[in-house]
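These are the residues of each chain, in order.
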Amino acid sequence: MSRRHVSPVRFELSQHLTTGLVAGVVLLLALAARPAAGQQPTNRDSAEKRDSLSRRRPVMLPTVRTEAPRTERRLFTSKPNVSNLSVSARDLQRAPRFFAEADVLRSLQLMPGVEARNDFTAGMNVRGGEADQNLILLDGYPVYNPFHFGGLFGTFIDPAVGRVDMLTGGFPAPYGGRLSSVLNVRSAEEDRPGLHGTSELSLIASTLSLGGALGSGGSWLIAGRRTYADQAINLVKRNAFPYHFFDLEGHVAYTLPASFRFSATGYGGDDLLHFDASTEGERQHILWGNRVAGATLSRPFTGLPALLGDSAVFEQRVSQSLFELSTQISGGGLDLRSNVRDVRAGGSITVYAPTHTHSIGYELARQRLGYSVSYPVPLFPVDSLEQRVASVSAYVDELWRPRSSLMIESGVRYDRVRGVQSTLLPRLSVKYFMNENFALTAAVGDYAQWIRSLAREDIPLRPVDYWIGADSLTPMSRARHYVFGIERWVTPSRQLRIEGFYKRYSQLLEPNAFDDPQKLGDEFVPVKGWSTGADLLLRQFDTGRFGGWISYTYTLNSRIDASGYRFFPSQDRRHDVNVVGSWKFPRYTVAARFNLASGTPYTRMTGQFGRVRYDPFNQAYTTETNLPEVQFLTGPRNGERLPLSQRLDVSVTRNFSPGRLTITPYLSIMNVYNAHNVFGYVYNYTALPPTRISLPQLPIFPTIGLSMSW
Amino acid sequence: VLDTRATLQRVLISRAATGGLDSNGARRTDDEPVVGAEVTIISPTGVSMPATAAATPGEYEIQPNQFGVDVAQGGAFSLHIRTPLGEEVTGTTTVPVAPAMDTVPLHVFFRQRDTLRLAWPAVPGAQSYEVVVQSLDMPEYRKFTDTTIVLPGTALTITGDDVFPYAPVNVMISAVDANYYDYYRAQSDPFAGTPPRGLTGAYGVFGSIAPMLVDQLQVR
């Protein structure tokens, strides 16, 4: 009788090998003498062999570590990858919650080069660029206003996000249409069979996502979120807080016959404020929302002629993206609308060869863009426009690896906007490996933008962007990026990246503060200038107890307006440091984020006077108009700076796992020590003495919630 | 503002509140009228018309017909101000040629049913046209437009008030010059500074209007 031994064999396996997510570690005990796969004897049919094996003394096998390369590491070795921040959902979730909600877009603002001027803005300023210079994509399909509640929350539902790729500069030829950055949010793909999901309850909203595997290599996912403060407050006082927002997102991927792969994404989300009143003039109605639907069909090919390469991937996608804002204040006394209808089709063929990757692609897009306002009000654009924009883009991109230590990605993009202009935009990026863990990088490229926002950068409150297009009177905006840097993998789980950048805006337009609604073509005024600086990212990937990153950004920006006046733009934040970390303990996970940032410029008020009107009936001056009119006198544009801002957010989560369910209650505190960060100033020169009141950003906000996953 | 229909042209001068001290050494909390200034308007033909101080402090009056000048004929008028502190302010306005005044007699306007539709010919020298709706009960409603205006009877102002309250309402259309239009077409924006104004040495406006149509409504 053979003896059976319990042979402890230790494995470290990847939890998500197929998706390339961060490798996890699993400790397995082999409960029988059966060896592990990959360590089995070559001739298992021989009875004598079995007998001889069973008679041997037990052998302690060495640890076998099988770990999928991190996506970030794979990008490091496979592409120049200049200014690319690739962040997994797990990394993003590591940051403490913002205002009770885990938020991808808020978390991204903790990365180097990405700034938000304050807590109330929907805009991101990337490496000194204006807030409308970012292309935001959901699975490659554009989203025009991905924020809720005036910029407080992002529209992306946290459990539905798999990965975020942010290109903060020097991006290659496949991307175009914006001057500063590309943010691509990729939907999560649940590859486990069965039904899996996540449910979250916070003080503000509840979220539910469900998903699972679909056929071989396919997946499906559906997620929704709704705020319920309106319902809760309604129980106490009806119509006291008549506001809510919701998101609904679905993603499906499926492998069809003949190796075709189909994926589709749909998103819909609205913000709705509806204040009913008995008096018509007191009724308020604000609605805005996005709708995105897109589908992609792709197919890999092998067995190509040797001259072309060894394999290829064909991809074709179509999408429609809508945005609509409808505002009726005072029962319609002010009617403000903005809408975008974007329809596009694009495709690419990528051919892979041992030292080359060739890509060729195209994109056809049509947009209908509109903005209208029934009455001029301060802070909002005063013009009314209706536009149709049609563009054709094509690109070639070549990734060449002439030596194992050198990668060169070159390409050119052609953009033609009907009735505006066409342009050729060359791109080049290079990576040189000093050794397998250390590389020098550089990129240069030209960029163009023809869809832009009427929202003015100088106004610190940016609830939404009002998108309109270039036309024969307002040309494309142009910029050139220069980026150089180093990337070093200090350890397999620790990355250091330092990049310097210089962005020159040879042809930029900014919204005209004195736009004449009766004149077409004066909606924008020309500006030129540059942004330069450097950013640093030291990132510790989660391998066990600790994960997090330190990011630092230095920027220096200069703009020159049409009159030749040089000024610092409102996004000119010189220093911005973020420290983000999470510590895992056996039962708890503690996460913290600390931000320290220098102040942004603002224009100081130096005085005020009443704007009297001339009354033609009585041939006298009057102040009896329908709005009090104060004329502010201002100092030099952006001649002053707000004080330093700082904030500490912390969260504590507790993990329970009864059966297949994981229950995670959490406590999150935003702005722990209630730092008074200045949002802006309100001046009153009629007070004695004159006053300057600083308006604060978000105060301390503790919240609790519960997350469940299965 | 020069008014082609007015016999007396009025100029209003004040100092903005900037936290400084007024002429009596006290800290100013509101606009301070500038008294004792020398105000002169020069006609297109070069006639210099000095103003006299009006009863209201900071307000100055000129009666152009005393100088043989008819503002209604239009043309470029210049303003020159010298304050008691020696500050110089100048400006120029091109007065639109005043058309014949058209007055629509009082008529009934049913608020729930009717829509006010008015159209008028373009006026030489006018940059835009201002519609002023005035009643005793509500703050006046103003809007710039081209040569037409359409206002439903149920229209509301930005503060939610009725444009046409149940009361006698007067509607006036005036042609305005570029200075007036640029200064008043948008409300003051604390992030934008001061609008284009056609003045040097001061903030404010030196503009002109030519009233051309009055419609009188009895709103029911």
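Residues numbered from 1 in each chain as written. Chains lettered and ligands numbered in written order. Predicted model: local features only at pLDDT ≥ 70, side-chain atom pairs only at ≥ 80, totals over all residues. Heavy atoms only, no water.

Chemist: Is there a simple way to explain the overall build of chain A in this structure?
Modeler: Across its full length, chain A carries five helices and 44 strands. A burial count over chain A gives 53% of its 710 residues as buried. Considering only residue pairs separated by 6 or more positions, chain A has 64% of its internal contacts joining residues 24 or more positions apart. Summed over all atoms, the accessible surface of chain A reaches about 30600 Å², with 60% contributed by carbon and sulfur. (Helix = DSSP H or I, 4+ residues; strand = E, 2+ residues; numbered from the N terminus. Buried < 20%, exposed > 50% of the residue type's maximum accessible area, 1.4 Å probe, protein only. Contact = heavy atoms within 4.5 Å. Areas by Shrake-Rupley, 256 points an atom, 1.4 Å probe, with all protein chains shown as cover.)

Chemist: Teacher, can you tell me more about the overall build of chain B here?
Modeler: Within chain B one finds one helix and 18 strands. Each principal axis of the C-alpha atoms in chain B carries an extent, and together these give about 60 × 40 × 35 Å. For chain B, with 220 residues in total, the buried portion stands at 50%. On chain B, roughly 9400 Å² of surface is accessible, and the fraction owed to carbon and sulfur atoms is 52%.

Chemist: Mind showing me how you'd approach the interface of chain A and chain B here?
Modeler: Put simply, an interface is often sized by how much accessible area is lost when its parts join up. Opposite the 56 residues of chain A that make contact, chain B presents 59 residues. Carbon and sulfur atoms make up 57% of the surface buried where chain A meets chain B, a total of about 5200 Å² over both sides. One can count one salt bridge joining chain A with chain B. Residue Glu130 of chain B is joined to Arg613 of chain A by a salt bridge in which the shortest nitrogen-to-oxygen separation is 3.6 Å. Within the residue set of the side of chain A that touches chain B, elements represented by two or more residues are β35 (605–610), β36 (613–615), β37 (620–622) and β38 (630–634) of chain A. With six residues, the top contributor of residues to the side of chain A that touches chain B is β35 of chain A. Residues belonging to the side of chain A that touches chain B are distributed by class as follows: 28 nonpolar, 18 polar and 10 charged. (Buried area = accessible area lost by both parts, 1.4 Å probe. Salt bridge = Lys/Arg side-chain N within 4 Å of Asp/Glu carboxyl O. Nonpolar A, V, L, I, M, F, W, Y, C, P; charged D, E, K, R; others polar.)

Chemist: In this structure, what is going on with a positive patch on the surface? I would like to understand it.
Modeler: Taken together, the side chains of Arg341, Arg366, Arg368, Arg388, Arg416 and Arg418 of chain A define a basic patch exposed on the protein surface. Structurally, Arg341 of chain A can be placed in strand β19 (residues 334–352). (Patch = residues over 30% accessible without salt bridge, like charges linked within 9 Å, V, L, I, M, F, W, Y side chains within 5 Å. Lys, Arg positive; Asp, Glu negative; His and termini not counted. Charge placed at Lys NZ, Arg CZ, Asp CG, Glu CD.)

Chemist: Help me out: how do you make sense of the sheet that holds strand β7 (residues 141–142) of chain A in this one?
Modeler: Strand pairing within a sheet occurs via backbone hydrogen bonds; the two strands may be parallel or antiparallel. Residue and element names in this part refer to chain A. Across the sheet, five strands lie side by side as β3-β10-β11-β6-β7; this open sheet has mixed pairing. Across the chains shown, the open sheet's two edge strands, defined by having one partner strand only, are β3 (84–88) and β7. In this structure, strand β6 (residues 134–138) lies alongside β7, joined through two bridges in antiparallel fashion. When the bridges of β7 are listed, Leu137 appears paired with Pro142. (Pairing = 2+ DSSP bridges.)

Chemist: Got a minute to help me understand the sheet that holds strand β5 (residues 38–42) of chain B in this structure?
Modeler: Judged by pairing direction, the sheet is antiparallel, and its five strands sit side by side in the order β6-β5-β9-β10-β17 (chain B) without closing on themselves. The open sheet has two edge strands, β6 (48–50) and β17 (199–200) of chain B, and neither has a second partner.

Chemist: Even after reading the chapter, I still don't get the pairing of strand β18 (residues 208–219) of chain B, so can you show me in this structure?
Modeler: Every regular strand shows the same layout, with side chains that alternate between the two sheet faces. Residues and elements named next belong to chain B. By the criterion of burial, β18 is predominantly enclosed, with 10 of the 12 residues buried. Here strand β1 (residues 2–3) pairs with β18 via two bridges, running parallel. Considered in β18, the bridge of Leu2 is made with Ser208. The sheet contact formed by strand β16 (residues 168–176) and β18 spans nine bridges and is antiparallel. The residue bridging Ser174 from the neighbouring strand is Pro211, located in β18.

Chemist: So what exactly am I meant to see when it comes to unusual backbone geometry here?
Modeler: Among all residues except glycine, the phi angle is most often negative; among peptide bonds, the trans geometry is most common. Residues and elements named next belong to chain A. A cis amide bond, omega -5 degrees, links Leu688 with the succeeding residue Pro689. In this structure, Pro689 sits in the loop between β42 (678–684) and β43 (691–696). One non-glycine residue, Asn81, lies in the positive phi region at around 55 degrees. You can call Asn81 buried: its relative accessible area is 11%. Despite not being glycine, Gln619 shows a phi value in the positive range, around 50 degrees. Gln619 sits in the partly exposed class, given a relative accessible area of 23%.

Chemist: Quick question: what am I supposed to make of the pattern of salt bridges here?
Modeler: Side-chain pairing between opposite charges can occur once the charged atoms of the two side chains come close. Throughout the structure, instances matching the rule amount to 43 salt bridges over all chains. Note that Glu130 of chain A is salt-bridged to Arg559 of chain A, the shortest N-O span being 3.0 Å. Here Glu130 of chain A is found in the loop between β5 (125–126) and β6, whereas its partner Arg559 of chain A is found in strand β30 (residues 546–560), with 429 residues between them in sequence. Overall, the relative accessible area of 12% leaves Glu130 of chain A in the buried class. By relative accessible area, which is 1% here, Arg559 of chain A ends up buried. A salt bridge links Arg10 of chain B to Glu59 of chain B, with the shortest nitrogen-to-oxygen separation between them at 3.2 Å.

Chemist: In this structure, what is going on with the nonpolar core? I would like to understand it.
Modeler: For soluble globular proteins, the rule of thumb is that nonpolar side chains tend to be buried together. One finds Val133, Leu151, Phe164, Val171 and Ile173 of chain B to be the most contacted residues of the largest nonpolar core, which totals 55 residues. The greatest single-element share of this core, amounting to five residues, is contributed by β18 of chain B. Among residues more than four places away in sequence, those in contact with Leu151 of chain B are Thr115, Leu116, Val133, Tyr141, Val163 and Phe164 of chain B. If you look at the next biggest cluster of nonpolar residues, it comprises 29 residues, including Val114, Val126, Phe147 and Val292 of chain A. (Core = buried A, V, L, I, M, F, W, Y, C linked by side-chain atoms within 4.5 Å.)

Chemist: Any chance you could explain the confidence of the model for chain A here in plain terms?
Modeler: Low-pLDDT portions of the prediction should not be read for the details of their coordinates. Chain-level pLDDT for chain A is 87 on average; 90% of the residues reach the 70-or-more range. Across residues 1–54 of chain A, where pLDDT falls below 50, the model places 66 contacts with residues more than four positions away in sequence or in other chains. (pLDDT = per-residue confidence, 0-100.)

Chemist: Any chance you could explain the pairing of strand β12 (residues 196–202) of chain A here in plain terms?
Modeler: Residue and element names in this part refer to chain A. Across the seven residues that make up β12, a large majority, six, are buried. Here β12 runs beside strand β13 (residues 205–214); their pairing, made up of six bridges, is antiparallel. Across the sheet, the residue bridging to Leu201 is Ser206, located in β13. A loop of two residues connects β12 with β13, the two strands running antiparallel in sequence. Bridge analysis of β12 against strand β44 (residues 701–709) gives five bridges, and the strand direction is antiparallel. The partner of Leu201 across the bridge, within β44, is Leu706.

Chemist: Honestly, the packing of aromatic side chains in this entry has me stumped. Any pointers?
Modeler: The way to describe two aromatic rings as a pair is by their centre distance and the angle between their planes. Scanning the entire structure with this criterion turns up 27 aromatic pairs over all chains. Taking the centre distance of 5.9 Å and the plane angle of 75 degrees together, the rings of Tyr144 of chain A and Trp467 of chain A count as edge-to-face. With Tyr144 of chain A in the loop between β7 and β8 (147–148) and Trp467 of chain A in strand β26 (residues 467–469), this pair connects stretches of sequence that are 323 residues apart. Taken as a pair, Tyr144 of chain A and Trp467 of chain A share a single burial class, namely buried. When the ring of Tyr375 of chain A is compared with that of Tyr141 of chain B, the centres are 5.9 Å apart and the planes differ by 35 degrees; the resulting orientation is tilted. Placement of Tyr375 of chain A in the loop between β20 (356–373) and β21 (385–403) and of Tyr141 of chain B in strand β14 (residues 141–145) is noted, with the two residues assigned to different chains. With relative accessibility at 6%, the residue Tyr141 of chain B sits in the buried group. One aromatic cluster in this structure is built from Phe149, Phe153, Phe241, Tyr243 and Phe245 of chain A. Across the ring face of Phe260 of chain A, the terminal group of Arg299 of chain A is positioned such that the distance to the ring centre comes to 5.4 Å. A cation sits over an aromatic face here: Arg574 of chain A above Phe568 of chain A, 4.8 Å from the ring centre. (Phe/Tyr/Trp six-rings, centres within 6.5 Å; stacked < 30°, edge-to-face > 60°. Lys NZ or Arg CZ within 6 Å of the ring centre and 35° of its normal.)

Chemist: For this particular structure, what's the right way to read empty space enclosed by the protein?
Modeler: If you roll a probe as big as a water molecule over the atoms, it shows you where there is empty space left. A full pass over the atoms with the stated rule returns nine cavities of 30 Å³ or more. Of the volumes computed, that of the largest cavity is approximately 470 Å³. Counting only elements with at least two residues in the lining of the largest cavity, the list comes to α3 (89–94), α4 (104–108), β4 (114–115), β32 (575–584), β33 (588–597) and β40 (645–654) of chain A. Looking at the lining of the largest cavity, its residues break down into 13 nonpolar, 12 polar and 13 charged. Surrounding the second largest cavity, 27 residues form its lining, Phe380, Val382, Arg456 and Ala513 of chain A together with Asp189 of chain B being those nearest its centre. Of the residues belonging to the lining of the second largest cavity, the class tally is 16 nonpolar, four polar and seven charged. (1 Å grid on protein atoms, 1.4 Å probe; cavity = no way out; pocket = protein on both sides within 12 Å on 5 of 7 lines; lining within 4 Å. Points joined across faces, edges and corners; volume = space filled by probe spheres on them.)

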